[in-house]
Amino acid sequence: MGKVIDLVGNKYGALEVIARAPKPENAKSTSAFWLCRCDCGNEKVISGNVLKQGKARSCGCLTSRLL
């Protein structure tokens, strides 16, 4: 397994990485997981790969605003 790059302080869309998080029990990814705070105030644990690939830009609030 490779070295984990610290993402704390990075911003991905509306998400700011605030801390490393333990891997969720149901997670299939082997990536590191990160606790993120959305601009709306919600917090969510997201895989580092998902963040870096741009697949998560918010906690889900941006999608719900579009509906």
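Residues numbered from 1 in each chain as written. Predicted model: local features only at pLDDT ≥ 70, side-chain atom pairs only at ≥ 80, totals over all residues. Heavy atoms only, no water.

Asks: Can you lay out the layout of surface pockets for me, pointing to particular residues and giving the numbers?
Replies: Size it by volume and the largest pocket reaches roughly 200 Å³. In terms of lining residues, the largest pocket is bounded by 14 residues, among which Lys3, Val4, Ser31, Ala32 and Lys52 are the most central. Top element by residues in the lining of the largest pocket is helix H1 (residues 48–52). It accounts for three residues. Of the residues in the lining of the largest pocket, the class split is six nonpolar, five polar and three charged. (1 Å grid on protein atoms, 1.4 Å probe; cavity = no way out; pocket = protein on both sides within 12 Å on 5 of 7 lines; lining within 4 Å. Points joined across faces, edges and corners; volume = space filled by probe spheres on them. Helix = DSSP H or I, 4+ residues; strand = E, 2+ residues; numbered from the N terminus. Nonpolar A, V, L, I, M, F, W, Y, C, P; charged D, E, K, R; others polar.)

Asks: Break down the packing of aromatic side chains for me, citing the residues and quoting the values.
Replies: All chains considered together, the criterion is met by zero aromatic pairs. Note that arginine 20 overlies the ring of tryptophan 34, its terminal NZ or CZ placed 5.7 Å from the centroid. (Phe/Tyr/Trp six-rings, centres within 6.5 Å; stacked < 30°, edge-to-face > 60°. Lys NZ or Arg CZ within 6 Å of the ring centre and 35° of its normal.)

The values reported here are purely geometric and, on their own, carry no functional implication.
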